[in-house]
Structures are given as C-alpha cells and as structure tokens.
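# Observations on chain architecture
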Protein chains: 2
Amino acid sequence: MADYRVPLKDMSFLLFDVFKADAMWQQLPKLAENVDKDTAEAILQECAKIAEQEIAPISQQGHETGVSFNHGDVTTAPGFKDAFNTYVEGGWPALGGDPQYGGMGMPKILTAQHEEMLCSADISFTLYPVLTAGAALSLAKHGSEELKQRYLTRMYAGDWSASMCLTESHAGSDLGIIRTKAIPQDDGSYSITGSKIFITGGEHDLTENIVHLVLAKLPDAPAGPRGISLFLVPKFHVNDDETLGERNNVSCGSIEHKMGINASATCVMNFDGAKGYLIGELNKGLACMFTMMNFERIGVGIQGLGAAVRSYQNALEYAKDRLQGKAATGLKNIGKEADSIMVHGDVRRMLLNMKALNEGSRALSTYIAMQLDYATYGEGEQQAKGEALAALMTPLAKAFFTDLGFENTVTGQQVFGGHGFIREWGQEQLVRDARITQIYEGTNGIQAMDLLARKVVGSKGQLMQVFIDEMRAYINENQNDNMQEFIEPLTTAVDDLVELSDYLLEKSTHNVNEIGAAANDYLHVFGYTAMAFVWAKMAAVALAKQATGDDFYESKLKTARYYFTRLLPRRISLIASAKSGCDVLFDIDDDLF
Amino acid sequence: MADYRVPLKDMSFLLFDVFKADAMWQQLPKLAENVDKDTAEAILQECAKIAEQEIAPISQQGHETGVSFNHGDVTTAPGFKDAFNTYVEGGWPALGGDPQYGGMGMPKILTAQHEEMLCSADISFTLYPVLTAGAALSLAKHGSEELKQRYLTRMYAGDWSASMCLTESHAGSDLGIIRTKAIPQDDGSYSITGSKIFITGGEHDLTENIVHLVLAKLPDAPAGPRGISLFLVPKFHVNDDETLGERNNVSCGSIEHKMGINASATCVMNFDGAKGYLIGELNKGLACMFTMMNFERIGVGIQGLGAAVRSYQNALEYAKDRLQGKAATGLKNIGKEADSIMVHGDVRRMLLNMKALNEGSRALSTYIAMQLDYATYGEGEQQAKGEALAALMTPLAKAFFTDLGFENTVTGQQVFGGHGFIREWGQEQLVRDARITQIYEGTNGIQAMDLLARKVVGSKGQLMQVFIDEMRAYINENQNDNMQEFIEPLTTAVDDLVELSDYLLEKSTHNVNEIGAAANDYLHVFGYTAMAFVWAKMAAVALAKQATGDDFYESKLKTARYYFTRLLPRRISLIASAKSGCDVLFDIDDDLF
C-alpha cells in the first residue's frame, strides 16, 4: 500500500483561493480572534504529520486484529493507545471546542480538513475522537455550567471520551419508540435503565472515563419523539474534587462483529439504574441531539471521502507501477515487455472518476462547512443564509459523499485487479470501512427523505431557492469565453434542478408517496449539480492561475473538464427516474415482491 | 438470515414459457436423447434440495472459519467435505459432461440454473465443482483419448477435482508474458516449472486427486500469446491400473487471505519439474483455454446473480418483519407503534431494483446459455447464429451480471440498515463474496474491451447486427396495444444502441483510444437494452397468462413495468458518457493524476 500523503495543497487551494476562508474569518469577530491563514496552514501541516506518521501506520493492523471483548472490557488494537496518546498530547481533541472551556475555537471549514486526513489514515481510529467532539458540541450548547465545567473541559483535554447512545434494537432510526427509561431522583439526577445497541466507542481502553450521552424517556413523557430527553451518564462517577469515583451502573454487554471498521468498538451498552444528568430541557432531547447531528453528518460524509482519497492514492501508485498489456496504439515502454496499465482508457477512466469525485466532494464539503461556520459565528442575514444552506445541504453531504466514497473505494479496488481482493494490499479494507458510512448516522435513504421531504418540500422550496440564487449569481458573474465550457453545462444543470424541484413540489401535493419514490434520485441530481457549481469555481481559479505554470492548476482544469464531460451527465438518467412517479413502486402488493 | 428458497417457478417459467427450451431440445438430436421437460424439472427440483438443505446451511460457517493452510495442506471449512460428498453421490459433477465419458450431457441452459442455485447457496463451495466442470470442458474438447479415459471419467465421477492455472504474479491478465516453462521429456511428457497465483481450488481436502490445467511455454516457443501451451498436471500420478501413484512435483506454497469467498482456497501453486501432459496442440494453449472461458465467464456472471438473489430474499424477509417508522400517508399497522419498512418508497425502490435486475439477469443469462447450446449442439445457420450471439454476449454476461450482482448485494445490505453491516445477519458476506466476481476470470474492464474492441469493432459490427436483427424481428412481431408500453421504449433503446455502435465504429477508425474510453459505458448500454428485450419477452408471456389469475404473472408484469420505467433510463446517461470521447482521458499527463 502507498504511504498516505495528505493533499495539503488542494486543501489550501480550497480554503484560501477558492473559498477565501481567511476573508470570512476576518469578517467574523468570534473567529478572527482564534484563526488566521498562517495559523490554519500550521494546523493543517501538524495534523498531516500525525495522520501520516501515527495513524495511517496502525490502520492495517487494526483491521486485522480488531477490538477484543472480555467480561465487559474492550481492548483496542495494537498501537491504538499510543497513537491516541500522541493525538491527545498534540491538543487535537480541543481543536473545534469552545474556548471558554479549553477549546481552540477553530471553524468547521478547518476541522473538516482535519477530519478528512484522520479518516484517510484510519476511520476506526478517528471515530473515537470525532464521537467525542460531537458529544462535546451538544454539551457545550445545551449543558448546564456545572456539567460543562466538570465534563466538557476533560473531553477537550482528551482525558475522557464520549459516546452517543441513541439506537435501541427494536427501534433503529425510529427514535420516537425508544424504551430506555429515566426516573427522576431526589438529588436532581435521573436513574437510567435500558439497553442501547450500535454504540461506537461505548467501551474501550483509550481514556480513563467515558461520557455517555443517552436518549431516554421519563415515565410520564409524551409518546413519540416529543417525549425524549437527553442525559449525561458517566462511566465512572466524578467526585467534587474532580477525581474519579465509583463505577456507574453502565456496562458493555458485548461488541459487534462487523464487515469493517474492525478496530472501532461497536458496543451493546446496558444501563441498569445508572445515574444520569439532564442536558437541556426535559422532552427536548432530540433538539439537543440535532445540534450535533449537522456537524456529525457532514463528518460522516467526510469519512466516505477520506477512505476514497486513500483508495485513489493507492490505486494510482499501483497503476503506475504495474506493467501489463500494451497501449492500444502500440507498446510505449520501449525495450520492456509491457506498458504500465496507465495506458488503458478504462484504467484512466477509473482513476479520473475517483480524482474528479474526490476533489469535487472535498470542495463541496468545504463549502458546506463554511455555511455551518456562518450559521454558528455569523450574524443577521449572513447567519440566516448560512443556516438555510447548512440545513439544506447536511443530508446531501452525508449521503452524497458516502455514496461516492463507497463507489470510489470499490473503483480503487478494481484498479488493482485480483490484488484488490487480497487483504494484504489494503484496498479491501477501505471498501469495507467506507461501507458503514452509507448506513450509520441515519441511512442514506433517510438522508434523502430529510432533504426532499423536510428541507425542500417542508420549506416549500425556500431553502433550495437560497442555493439556486447563489448559483445563478455565480453564473451571471462568470459569463465569459474562458468559463463558457463550464458555465453552460452548469446553467443547464441548475435549470433542470429547478424544474425537477418544482415538478416534485407540485406532484407531492397530490400524493405524498411521490416524495419517498423520488428522494434518492433527487438527492443525487442535487449532488451532481452542486458539485458542478464548486467545480466551476475551482476551474475559474485554476484558469486565473494557469499562467503561473504550476502543474497543480493544469491538473485541476483538466479534472474539471473531465467532471463536466463524463460525470455531470449522470444526472440525466437520475432525473428521468426521479420523475417516473410512485405508481410503479406502490401499485404492487407486498405479497408480489 | 432467511432460509434460501430456489426460485424454481421463475426458472421453469424462463425455460419453458419464455424460451421454449423443450422445443429447442427436440430440434437438436444430441440433446433430444438426454433431456426433456420432465427430466429437466426433476433435475432442478433435486438440485434445489441440495442447494437449500446441504450447501446453504454451511455457508456462514465457511465465511467465518475459512480454509486453513498447514505445510502445504489445505483444510476446508466445517461441513464442506460432507456437503461435497453428498453432491458427488447425487451425480452432480457429471451434469453437463460428455456422455461418452460418463457425463449426463445436459445443456447449458439447464446447468446455468443449477449454477445459480449453488451460488445462491454459497459461492465458495460452488467454486470447487464449477472449476472442475470448466476444466473438464477443455479436456473433453482438446484432450487425447488416453487423457480423457484416465482423467475426465474421474472428474465426472467427482472422485477428482481440477484447477485452472493461468495467472502469474508479474503477468496478471497479460498471459502473453507468462514465464512457466515446459521442457519436453523423452517419454512424450513435459517437465513443468513455474509458479502460479490466484489458483482457485489448487489444493484442498475434498478429493483424493486434483487435476491442474496449466499454461506454460516451451523454451523455443514464439513470444507472446502464440507461444502458450496447455498441460495437464495431476497432483498424484496415476498408475496404469488407475490407482494413484506418487505425488507429482506440484505443491501449494500458501493461500491468500481475502475480502470474501473465505471458504474457497485461493492458492499459490508451485510446479517444480512436475510431470505434465500436453492438451491439444503445442502453442495453441490459449485456444484450448477459451473453449472453457465462454462457459466459465457466463458462470461467473451467474455467481454475481446468485449472491444477489440470496440478498434479495433476505432483504425482503427483513423488510416485511421490521417495524419502524410510519407510512407517509399515516400509520397502516393499526394498534401497533410502527409500520413495517415496506411502506417506505425508498425501501420499495431498493427491493424492486433488486427484483427487476435479478429476474432480468436470470432471463438474459438463460437466453445466452441457449445460444451456447445452439453453438455446441446446433447445425448450419442455427449454429452459426448461436456462435455469433454467444461470442458477442459472453463478456456482457460476465461483466453486466456481476456489476448488477454486486450492486444488488449492496442494496440488500442497505435494506437492513445497521444490521446489514453485522456479520451474523449474513448480508455482508454476500457483498464480500460477490465482489470477486467483478474481478476474476478477466476483470470487468477487460470484458468491456472484449465486447467493444474484439466483438463489436473486431467484427465491424456484424456480431452486433445478429442481435439487433433478432430484437427488431421481435419488435415487429409484437406491435399490439397490450405490448406497446414495452415495445415502444425497447424500440428507442435498440435504435440508440445501433446509433451508438455506429458512432463508435466510425470514431474508432480515427483514434483507437476511443474504444477503451467508451468500453465500460458501452457494455452497460448494451446490457440494459438486452435486458429490456428479455423483459419484453417475459411481459408478453405474463400478459398472455394473466387470465390464469396466478399472482406470479401479475408480479412479473409489474416488475417489467418497473424495469422499463425506472431502470432502463440508466442507459441515457451512459450513452452521453460513452460519446464524450477519449480526449478528457488522454489529454492529461500521467504526472497530473
């Protein structure tokens, strides 16, 4: 397997040339005090070192060894503890945290690049800190001052990690029907009883304490999602002097044996009258969770991207090294018996698919992260616009990047031929690890419904209009000869997206099943169109910088052409399918399947 | 995991209602003496029993345990030996074999269904007998009478198995540059020396002897593919009295650790002056191999289908059982807290995608198997047509069915949500097993080149014309009101395929790189069009039988509508991509990737 190399140049290009992150930071006082371009570049370089040198090297061993379970204890794979300690010593758990409690206050547009690096290095490892960061977000926004002083500071310090305990075996994504109970106690705490499954990092040996955020219902709570509350349940009680006390009544019952992310502990967590503390208001638990969700969901999208980037790097190195067959135009490798497989059109197609989709996903995730930053740190109209775009594009980020991420890991495996199937080459791990990203944190089908039903139809098209307006403005500003090859197909794609959105808005008023029938195709039409928008932006910068003679811009421009020529057309069939209506889905009885 | 149930009714529908296999058999004397409808039905029923009751139950254990290697010996997973013995006792290794040497002489159209059942039950298990059957084909056609009497009879009896030793580590699919040497000996045999990798069933404990078919080159052989010869190298020498003699100088050096098909032994085979016997003529080894290839490649296509069928059955059972969420139109499951997930449009989409693509693949593979039978058993014009269609559609079968098979196993896993990722539920095994089918026996990229470069461009469109003529004739015969909903889109698809083929034929005369650039998209355009053709045929029969009131035909008709409405449009984007030209692939230097 190729050594992982962080695409720092592309990250810097996106942050500062394409999206002008430094200008945004200067505009937003809460960010201006924490970050500028030099700081950001230094952070990315330091983070690259840890990803390349500490985390990437333990990935394959983690895949082969996995985590082990013994009487409630979970032992992580060889090297994980050392790498985690190095990560903590570098101060990374604090990166995106609230400065009031020891966080570094870095914007999402920067932590998103940080997450990508970690995930390219190893998704399993990354899950331990990112789950903690997600829980910290929720706690920072909704927790009491006491809880924040006691727990949040230690999570930022990396002493303690966290888990998110939502799913129950009978309920899956239908949180309204969870059964975990919270009984109010005289001291203001709650006694939590129930069993949760699929809890990432629910138990492990990396930190001395684990802070569980748990969804549960009071006995007299309203039925359904409006009766859910959020509780903080520590693995070990915390004494008033901040030392650890006795073990709380929470334990890991077993771990799952999975297709991938073998080195991530996926736990069954049993709460047996465990002491918990309310976060936020009673029965408002889902809202507290959703604070975290938008950040986590784009994070899961970035996991898919991370695996795909690694797969591309490996596949490219293999394709350049592998001598087999001859060019269609005759042997190029004079004096040798075969050419490298780079001469074959279909191999180039696979590599360019990966390159164009990965770089497009990175650009689009950077754009969406920027909207989250406007929503968090902006004011007035700017904030409102950021919120609208973040709400609209969060499900897109999660589902689109993971669908493409999985596709790209499979493509990268295919480049290796038979060796791609052999474990020692590392490509099959990426496929297996990436696969979960399409499933957890809400399946991609659920994301598609969130996008079309809640965000597009739910806002009567208003959220989508915000994005359409932005793309139209960009198109109008870039009507020039050089950009025409990109602006023209982008315009068509935007027109078609508007037309499809209107079509579905209208149709769904007659039959609500039209939404579920079209949702998955719609999400992908939206995705390819939004990706065309960011590819046009990248092409514009590359055109402007082409005169520098730097190959990077030449490569960017040609990859943009590839995207518009060969990948954007995918939307055409998707539109046809999205418009085909719900009858063919619902006019067939369940018994006839 | 659901119990596997063989889709016997669909198989019978295809054989006798859609493709009139019994009429074909009566027409062809060499088949008429061996098989009729009753025999065929009995064979399928018996085979279903062994697939459902003997092979399916050992699949999951095989995945978890895998094969083990110890000083050159390979031990198969628990239960494999018993299941294999039962398979042999049933006489199944002889099914498609030459009756002169103890085979049953059954046509491919029937053995294809048999292979699908076995693969749905377990691909790993199935590889042991199907590799043997493939080698037997080659031996039956090209081996000397002595070799056939000595080896073929025992392979049909199931006493001995076989392996195909082609790949070498440096050469992969580029067989022209293999290095294994064959030195002629005074006794007319050859001394074989070299190392082969990725040898399925190269060593195991299921049979007392293993017959290796090995590609090697004589010291003075012409360079490249025209210097390759084929040799039979037994694991144990065979004495003149047919007892086993000493061990030959062939051994298993190691086995691979893979993403899937864990219970199939993938071996490194070392030949160290092993005694081998020439099959066919010197330097004509590739031709002898290709006898087997057409049968094997459609077989690999059917492996992909087999895994997908199993995945569909599991996913359907899960979707019906799983109560979660509510219908968009309001709770249907009165008195319960949730509906089954069958109410969700996107779940129905996933299941119907699988159903329509699986049934379409089964129909198309049956059609192609029929062409192989005409090619093998037919005469005159009928044989020539069978040969043309088999040659054209073999790469299609291999690549299209395995790409769809993998897609469908992934889709079936997605229906399970988080449980799909957990090993005990069985869905992830199907994904991992199906994945290899896109890679081995020539990657799907190589198949796409075989189709477009060799078969379509190579014949100047003549092979394709044979198929186009057949589809046009069918269209002309079915111009009636009932069939219009299928005939109209089929006509458009055929017109577009013709136009695309002509376009690429013309373009490739200017630049041969246009072929490699378009090959993968072209194969899929062809596939969806051919599948529309067989779906139209199925719909016609279902319409004619609708009056019987049998739900089977109702289901078939609605699935046909689903295919034409939601899946056939996939070809539109593929055509756009196939026509986009090779410049975006080749105008970017390797260094810019």
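Each value, and the rule that gives it
Residues numbered from 1 in each chain as written. Chains lettered and ligands numbered in written order. Predicted model: local features only at pLDDT ≥ 70, side-chain atom pairs only at ≥ 80, totals over all residues. Helix = DSSP H or I, 4+ residues; strand = E, 2+ residues; numbered from the N terminus. Rg over C-alpha atoms; globule rule 2.2 N^0.38 Å. Buried ≥ 20, exposed ≤ 12 C-beta atoms within 10 Å, placed from the backbone. Contact = placed C-beta atoms within 7 Å. Pairing = 2+ DSSP bridges. Least-squares fit on C-alpha atoms with pLDDT ≥ 70 in both. Nonpolar A, V, L, I, M, F, W, Y, C, P; charged D, E, K, R; others polar. Expected span 1.5 Å × (residues − 1). Bend = angle between axes of the 7 residues up to and from the residue. pLDDT = per-residue confidence, 0-100. Axes fitted to C-alpha atoms, helices over the stretch in contact; angles between N-to-C directions. Parallel < 35°, antiparallel > 145°, perpendicular 65-115°, else oblique. Left-handed = near helix turned anticlockwise from the far one by under 90°.

### Regarding the overall build of chain A
Summing up its helical and strand segments, chain A has 19 helices and 11 strands in all. Compactness check: chain A gives a C-alpha radius of gyration of 24 Å against a globular reference of 25 Å for 593 residues, within 12% of the reference. For chain A, buried positions account for 61% of its 593 residues. Taking the intrachain contacts of chain A between residues at least 6 apart in sequence as the baseline, contacts between residues at least 24 apart amount to 74%.

### Some points on the pairing of strand S9 (residues 244-247) of chain B
All names here are of chain B. Pairing of strand S8 (residues 236-238) with S9, which is carried by 2 bridges, proceeds in the antiparallel orientation. Among the inter-strand pairings, Val 238 is bridged to a residue of S9, identified as Leu 244. Count of turn residues in the S8/S9 antiparallel hairpin: 5 residues, of which Glu 242 carries a positive phi of about 75°.

### With respect to the relation of the copies chain A and chain B
Each copy superposes on the other: chain A lies on chain B with an RMSD of 0.0 Å after a rotation of 180° and an axial shift of 0.0 Å. These values place the two chain copies in the arrangement generated by a two-fold rotation axis. When each C-alpha of chain A is compared by its distance to the rotation axis, A:Ser573 comes out closest, at 2.7 Å. With an isologous cut-off of 70% or more, the 100% of interface residues of chain A that recur at the interface of chain B puts this contact in the isologous class.

### Description of the interface of chain A and chain B
Where the parts come together, the accessible area they lose is often given as the size of the interface. If you look at the interface, chain A gives 76 residues, while chain B gives 76 residues. Listing elements by their share of the side of chain A that touches chain B, those giving two or more residues are helix H9 (285-321), helix H10 (345-377), helix H12 (427-435), helix H13 (444-457), helix H16 (513-545), helix H17 (551-567), helix H18 (570-578) and helix H19 (583-586) of chain A. For the side of chain A that touches chain B, the leading source of residues is H17(A), giving 8 residues. Residues belonging to the side of chain A that touches chain B are distributed by class as follows: 31 nonpolar, 23 polar and 22 charged.

### Let's talk about the environment of B:Asn333
With respect to the element layout, B:Asn333 can be found in the loop between helix H9 (285-321) and helix H10 (345-377). Note: C-alpha distance between B:Asn333 and B:Leu323 (10 residues apart in sequence) is 9.2 Å.

### Here we look at H16(A)
All names here are of chain A. Compared with an ideal rise of 1.5 Å per residue, which puts 33 residues at 48 Å, H16 spans 49 Å between its outermost C-alpha atoms and is within 8% of the ideal. At Ala 519, H16 shows its largest kink, close to 55°. For H16, the buried fraction is high: 29 of the 33 residues fall into the buried class.

### Some remarks on the confidence of the model for chain A
Per-residue pLDDT for chain A has a mean of 96; in total, 100% of the residues score no lower than 70. ipTM for the predicted complex: 0.96, alongside a pTM of 0.97.

### So, the environment of A:Gly345
Mapped onto the elements, A:Gly345 comes out in helix H10. Apart from residues no more than four positions distant in its own chain, A:Gly345 is found in contact with B:Asn513, B:Gly516, B:Ala517, B:Cys582 and B:Leu585.

### As for the packing of helix H7 (residues 123-142) of chain A against H9(A)
All names here are of chain A. The interhelical angle for the contact between H7 and H9, taken along N-to-C directions, is 160°, at an axis separation of 8 Å. Taken together, the axes of H7 and H9 lie roughly antiparallel to each other. Here the hand of the crossing between H7 and H9 comes out right-handed. Of H9, the residues touching H7 (which contributes Ile 123, Val 130, Gly 134, Ala 135, Leu 137, Ser 138, Lys 141 and His 142) are Cys 288, Met 289, Thr 291, Met 292, Phe 295, Glu 296, Gly 299, Gln 303, Gly 306 and Ala 307. Its residues assigned to classes, the contact of H7 with H9 shows 9 nonpolar, 7 polar and 2 charged.

### Topic: unusual backbone geometry
One non-glycine residue, A:Phe198, lies in positive phi territory at about 60°. You can see A:Phe198 is positioned in strand S5 (residues 190-200). Since 24 C-beta atoms lie within 10 Å of it, A:Phe198 is described here as buried. Of note, B:Glu441 is a non-glycine position whose phi angle comes to about 60°, a positive value. Among the structural elements, B:Glu441 can be located in the loop between helix H12 (427-435) and helix H13 (444-457). For B:Glu441, a count of 24 C-beta atoms within 10 Å corresponds to the buried category.

### Focus: the pairing of strand S6 (residues 209-216) of chain A
All names here are of chain A. Where burial is concerned, most of S6 is hidden: 7 out of the 8 residues are buried. Examined bridge by bridge, strand S3 (residues 160-165) and S6 share 6 bridges and lie parallel to one another. When the sheet's bridge partners are listed, Ser 161 is paired in S6 with Ile 210. Bridge count for S6 against strand S7 (residues 229-234) is 6 bridges, and the pairing is antiparallel.

### A word on the environment of A:Thr443
Tracing the backbone shows A:Thr443 in the loop between H12 and H13. Separated by 45 residues in sequence, A:Thr443 and A:Lys398 have C-alpha atoms that sit 9.1 Å apart.

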